[in-house]
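Spelled out, the chains give:
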Amino acid sequence: MSTTRIGRHINAPRSTVYRLLLDADSVKAWMVPDDMAKASRVHRFEPHEGGAFSITLIYDDAADADTADAQHDAYYGRFLSLTPDERIVEVLEFVTVRPEMSGAQTVTFTLTDSADGGTDLDVLHEDVPPGLSPPDNEIGWRTALTKLVALAEHGSLAGQQ
């Protein structure tokens, strides 16, 4: 198991960033990889302590899937702790038959005020399964957070680079 820690500065208030982290439509927009965005589904999203979530990531092109018959990935979890505008702790697991991708993972989002009035966001992803390499996980988080920044700062993904 590995850990990924990544931070981003966002030119938006903590309340905006916190809302985007807990809104199902926003999560689908920023968290879902670009090659899975068209048909992916947020099946369940209950943003309260103890609330559950379930998300299916469907490959836009089946050729992008890891195996010949895999056309989607899925994960589910629950919110362990929510401190408004400050912290979100969630636990998640991939739906998989691959032992190297199984196991509970914890993701902690910490939001703090930046000196310029924006928000500093720190993401700590713990217990990353061995089947997900640390470099790949970091790339995934960097991509997702770039989209989150665009949503927070511009109100849409059009501002992403």
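As shown above, the structure is provided for reference.
Engineer: Hey, could you run me through the overall build of the chain in this one?
Structural biologist: Regarding its fold elements, the chain presents three helices and seven strands. Ordered by position from the N terminus, the helices and strands of the chain form the series β-α-α-β-β-β-β-β-β-α. Looking at the chain residue by residue over its 161 residues, the buried ones come to 40%. A sequence separation of at least 24 residues applies to 50% of the contacts in the chain between residues at least 6 apart. Here the chain displays about 8300 Å² of accessible surface, and carbon together with sulfur accounts for 50% of that area.

Engineer: Even after reading the chapter, I still don't get the packing of aromatic side chains, so can you show me in this structure?
Structural biologist: How two aromatic rings sit relative to each other is set out by the distance from centre to centre and by the angle between their planes. Enumeration according to the criterion identifies six aromatic pairs in this entry. Each ring, one from Phe53 and one from Tyr75, has its centre 6.2 Å from the other, and the planes form 75°; the classification is edge-to-face. Taken as a pair, Phe53 in strand 3 (residues 52-58) and Tyr75 in strand 4 (residues 72-83) lie far apart in primary sequence, 22 residues in all. For Phe53, a relative accessible area of 3% puts it in the buried group. When the ring of Phe109 is compared with that of Trp141, the centres are 5.9 Å apart and the planes differ by 70°; the resulting orientation is edge-to-face. Taken as a pair, Phe109 in strand 6 (residues 105-113) and Trp141 in helix 3 (residues 134-154) lie far apart in primary sequence, 32 residues in all. By the ring-pair criterion, three or more aromatic residues cluster together here, those being Phe45, Phe53, Tyr75 and Phe79.

Engineer: Would you mind going over the pairing of strand 6 with me for this structure?
Structural biologist: Looking along a regular strand, one sees the side chains alternate between the two faces of the sheet. Examined bridge by bridge, strand 5 (residues 87-94) and strand 6 share six bridges and lie antiparallel to one another. Counted as the bridge partner of Val91 is Thr106 from strand 6. As paired strands, strand 6 and strand 7 (residues 119-128) are joined by eight bridges and run antiparallel to one another. By the bridge assignment, Thr106 is partnered in strand 7 with Glu126. If you look at the hairpin formed by strand 6 and strand 7, you'll find five residues sitting between the two strands, and Gly117 has a positive phi there, around 95°.

Engineer: Looking at this structure, how should I read the packing of helix 1 (residues 14-22) against helix 3?
Structural biologist: A pair of packed helices is characterised by two quantities: the angle between their axes and the separation of those axes. Remark: helix 1 packs on helix 3, axes separated minimally by 10 Å, with the N-to-C direction vectors making an angle of 125°. Between helix 1 and helix 3, the crossing angle belongs to the class labelled oblique. As helix 1 runs across helix 3, the sense of the crossing is right-handed. Touching Thr16, Val17, Leu20 and Leu21 of helix 1 are Leu148, Leu151 and Ala152, all from helix 3. For the contact of helix 1 with helix 3, a count of residues per class yields six nonpolar, one polar and no charged.

Engineer: What is the right way to look at the nonpolar core in this model?
Structural biologist: Generally speaking, soluble globular proteins have nonpolar side chains that are buried together. Judged by nonpolar contacts, the single largest core of 32 residues is most densely connected at Leu21, Trp30, Phe109 and Leu121. No other element matches helix 3, which puts seven residues into this core. Among all residues touching Phe109, those that are not within four sequence positions of it are Leu21, Trp30, Glu86, Arg87, Ile88, Glu90, Leu121, Asp122, Val123 and Trp141.

Engineer: Explain the environment of Glu153 to me, please; I cannot follow it from the model alone.
Structural biologist: Note that Glu153 resides in helix 3. Distance in space between the C-alpha atoms of Glu153 and Ile10 is 7.0 Å, their sequence separation being 143 residues. Contact partners of Glu153, with chain neighbours within four places excluded, come to His9, Ile10 and Asn11. Within polar-contact distance, the side chain of Glu153 engages the backbone nitrogen of Asn11 at 2.7 Å.

Cut-offs applied
- Residues numbered from 1 in each chain as written.
- Predicted model: local features only at pLDDT ≥ 70, side-chain atom pairs only at ≥ 80, totals over all residues.
- Heavy atoms only, no water.
- Helix = DSSP H or I, 4+ residues; strand = E, 2+ residues; numbered from the N terminus.
- Buried < 20%, exposed > 50% of the residue type's maximum accessible area, 1.4 Å probe, protein only.
- Contact = heavy atoms within 4.5 Å.
- Areas by Shrake-Rupley, 256 points an atom, 1.4 Å probe, with all protein chains shown as cover.
- Phe/Tyr/Trp six-rings, centres within 6.5 Å; stacked < 30°, edge-to-face > 60°.
- Pairing = 2+ DSSP bridges.
- Axes fitted to C-alpha atoms, helices over the stretch in contact; angles between N-to-C directions.
- Parallel < 35°, antiparallel > 145°, perpendicular 65-115°, else oblique.
- Left-handed = near helix turned anticlockwise from the far one by under 90°.
- Nonpolar A, V, L, I, M, F, W, Y, C, P; charged D, E, K, R; others polar.
- Core = buried A, V, L, I, M, F, W, Y, C linked by side-chain atoms within 4.5 Å.
- Polar contact = N/O pair within 3.5 Å; in protein donor to acceptor, adjacent residues only side chain to side chain.

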